[in-house]
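Coordinates in review
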Amino acid sequence: MSDSTNTGNSLCVGLVQLQPTRNVAANLQWVLKAIREAGAQGAELVVIPENALCIGSNQEMRAAAVAIDGPEIQAIRAAAREAGAVVVLGGFKQKSDRPLLQNTALVIDADGGIQGAYDKVHLFNAVVAGTSFRASDVEAAGRQLVIAQVKGIKVGLSICFDIRFPELYRQLALAGAQVLLIPAAFTQTTGRAHWDVLVRARAIENAAYVVASATMASADSIEAGFATYGHALAVTPWGEVMADLGEANFAVKVLALDMAKVEQIRQNLPVLNSVQPDVYTMEPVVI
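Here is what the cut-offs are and how they apply
The written sequence of each chain sets the order in which its residues are numbered from 1. Thresholds applied to this predicted model are a pLDDT of at least 70 for local features of residues and 80 or more for the giving and counting of side-chain atom pairs; totals over whole chains, interfaces and linings are not thresholded and use all residues. Derived side-chain values reflect all non-hydrogen atoms in the structure, with water molecules and hydrogen atoms excluded from consideration. What makes two strands pair is DSSP finding at least two bridges between them. Secondary structure elements follow DSSP: runs of H or I no shorter than four residues count as helices, runs of E no shorter than two count as strands, and numbering proceeds from the N terminus. Helix axes are fitted to C-alpha atoms over the stretch in contact, other axes to C-alpha atoms as well, and angles between N-to-C directions run from 0 to 180 degrees. Here the term cavity refers to a set of points on a 1 Å grid, laid over the protein atoms alone, in which a 1.4 Å probe fits but cannot get out; the term pocket refers to an open set having protein on both sides within 12 Å along at least five of seven lines, with lining residues being those that place an atom within 4 Å of a point. Grid points are joined across faces, edges and corners, and a volume is the space filled by probe spheres set on the points. Charged means Asp, Glu, Lys or Arg here, nonpolar means Ala, Val, Leu, Ile, Met, Phe, Trp, Tyr, Cys or Pro, and polar covers whatever is left, Gly included. For every residue, the accessible area (1.4 Å probe, protein chains only) is compared with the maximum for its type, and the residue is labelled buried under 20%, exposed over 50%, or partly exposed between those bounds. The convention is simple: Lys and Arg are positive, Asp and Glu are negative, and His and the chain ends are not counted. Note on definitions: salt bridges are taken to be side-chain nitrogens of Lys or Arg within 4 Å of carboxyl oxygens of Asp or Glu. Whenever a nitrogen or oxygen atom comes within 3.5 Å of another N or O atom, the pair is scored as a polar contact, on the condition that within protein one atom can donate a hydrogen and the other can accept it, and that pairs from neighbouring residues in sequence are kept only if both atoms are in side chains. Between 30 and 60 degrees the pair is tilted, below 30 it is stacked and above 60 it is edge-to-face, where a pair is any two Phe, Tyr or Trp rings, Trp via its six-membered ring, whose centres lie within 6.5 Å. The arc in question is formed by the directions pointing from the helix axis toward the C-beta atoms. We call a crossing left-handed when the near helix sits turned anticlockwise from the far one by less than a right angle, and right-handed when that turn is clockwise. For this analysis, residues touch if any pair of their heavy atoms sits within 4.5 Å.

**A word on the sheet that holds strand E11 (residues 179-181)**
What the 6 strands build is an open sheet, ordered E9-E10-E11-E12-E14-E15; its pairing is mixed. Strands with a single pairing partner mark the edges of an open sheet, and in this sheet they are strand E9 (147-150) and strand E15 (241-244). The average undirected angle you get between the axes of adjacent strands in this sheet is 20 degrees. Direction of pairing for E11 relative to strand E12 (residues 209-212): parallel, over a ladder of 3 bridges.

As structure tokens, this is what we get:
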């Protein structure tokens, strides 16, 4: 991929919504179908949501974790190659020799090669509607922010709960990211309250497109106490919702993202030029 930032071209991105269950083999077929459909619609980048390969309890998802060299990833690599599109597998439980799993967003290039990966930095440790989520019991937090280059356009990677940490996205934007990916499996409770406003805020703050593919609740996820919200969103750098996939169990929508709009907004409202990192590290004065 080119090392230069694309300031003139558009990027056709496939926004995806899926309804995963505990059945990895069945889920994989839906992922492959989404890649095929997005590719057929002209997508150059396809964003698969978090937990698309398996959703259930922490223990169930750990047991169903897949290896980066396993047959599931091989099949997705082949699908990317056939579609001629970059695929971001937006957050799968990666099994390795390490004692804990990683929640990994894997970037597969249009030739089917592994371009790189981002390990989720902020783990979902929370109590939501009486259910305790302790991702850190089974996952290790990532320690590196990652930007993928697609057609020379810088695309910042993140996963779900990262959305609540605006400093992550500010760092990506300052490093040149024009598109921010937030593949997610947001709970219904937090989704109804916060999802739309958080996605739009990350776009507005950084004058960047946000593409947030999502999962919709299934009987398995509901039984596991992990009912997810759906409403995959794509948002412009001005905070306008381009697409909302609602409560669809399966949906793919390809959208053209115009990079000129990013540059125009960043020139007219140059927030990124006014960031004061030295001030932010100083302890506030209490008066």
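And the narrative resumes.
**Points about the layout of surface pockets**
Counted as a void, the largest pocket has a volume near 230 Å³. The wall of the largest pocket is formed by 21 residues, among which Gly-56, Asn-58, Met-61, Phe-133 and Phe-226 lie closest to the centre. Elements supplying a minimum of two residues to the lining of the largest pocket: helix H2 (58-63) and strand E8 (131-134). Here the element with the most residues in the lining of the largest pocket is E8; it accounts for 4 residues. Of the residues that constitute the lining of the largest pocket, the class distribution is 8 nonpolar, 8 polar and 5 charged.

**Remarks on the side chain of Asp-109**
In this structure, Asp-109 sits in the loop between strand E5 (102-108) and strand E6 (114-119). For the buried Asp-109, which has no salt bridge, the nearest side chain bearing the opposite charge is Arg-77, at an N-O separation of 7.2 Å. In this structure the side chain of Asp-109 is engaged in a polar contact, spanning 2.9 Å, whose partner is the backbone nitrogen of Asp-111.

**A few points about empty space enclosed by the protein**
Per the stated rule, a full pass over the model turns up 2 cavities of 30 Å³ or more. Taken as a whole, the largest cavity encloses approximately 70 Å³ of empty space. What lines the largest cavity is Asn-51, Leu-53, Cys-54, Met-61, Ala-64, Ala-65, Val-66, Phe-92 and Lys-93. Tallied by class, the residues present in the lining of the largest cavity amount to 7 nonpolar, 1 polar and 1 charged. Looking at the second largest cavity, its volume works out to about 30 Å³. The greatest single-element share of the lining of the second largest cavity, amounting to 3 residues, is contributed by helix H1 (residues 24-40). Taken together, the residues of the lining of the second largest cavity break down into 5 nonpolar, 2 polar and no charged.

**Some thoughts on unusual backbone geometry**
Phi is positive for Lys-151, close to 55 degrees, though the residue is something other than glycine. Mapping Lys-151 onto the fold places it in the loop between E9 and strand E10 (153-156). Unlike most non-glycine residues, Ala-207 shows phi in positive territory, near 45 degrees. Inspection of the secondary structure puts Ala-207 in the loop between helix H5 (188-206) and E12. Here Ala-207 falls in the buried class, since its relative accessible area comes to 6%.

**Quick notes on the packing of aromatic side chains**
Two aromatic rings, taken as a pair, are described by how far apart their centres are and by the angle between their planes. Summed over all chains, the structure comprises 4 aromatic pairs. On the basis of an interplanar angle of 55 degrees and a centroid distance of 5.2 Å, the ring pair of Phe-124 and Phe-161 is categorised as tilted. In this pair, Phe-124 sits in the loop between E6 and strand E7 (125-128) while Phe-161 sits in the loop between E10 and helix H4 (166-174), placing the two residues 37 residues apart along the sequence. Phe-124 sits in the buried class, given a relative accessible area of 16%. Using a relative accessible area of 14% as the deciding quantity, one classes Phe-161 as buried. Between Phe-186 and Trp-195, the aromatic rings sit 4.8 Å apart at their centres with planes inclined by 50 degrees, giving tilted as the arrangement. A connected cluster of aromatic rings, assembled from ring pairs, spans Phe-124, Phe-161 and Phe-165.

**Looking at the pairing of E15**
Direction of pairing for strand E14 (residues 233-235) relative to E15: antiparallel, over a ladder of 3 bridges. In the sheet register, Val-235 faces E15, and the bridge partner there is Val-241. The turn linking E14 back onto E15 is made up of 5 residues, and Gly-239 within it adopts a positive phi angle of 90 degrees.

**Some details on helix H7 (residues 259-268)**
For H7, the full list of buried residues reads Met-259, Val-262, Ile-265 and Arg-266. The buried residues of H7 all sit within an arc of 125 degrees when viewed along its axis, so they share a single face. Residues of H7 that are exposed and angled more than 90 degrees away from the buried face: Gln-267 and Asn-268. One side-chain oxygen at the N-terminal end of H7 lies 3.0 Å from the backbone nitrogen of Ala-260; it belongs to Asp-258.

**Examining the packing of H4 against H5**
H5 packs onto H4 with a crossing angle of 35 degrees between their chain directions and a minimal axis gap of 10 Å. Read as a crossing pair, H4 and H5 show a hand that is right-handed. Residue-level inspection shows Pro-166, Tyr-169, Arg-170 and Ala-173 of H4 in contact with H5, the latter providing Arg-202, Glu-205 and Asn-206. The residue makeup of the contact of H4 with H5, split by class, is 3 nonpolar, 1 polar and 3 charged.

Read these as layout, nothing more, since geometry by itself doesn't imply function.
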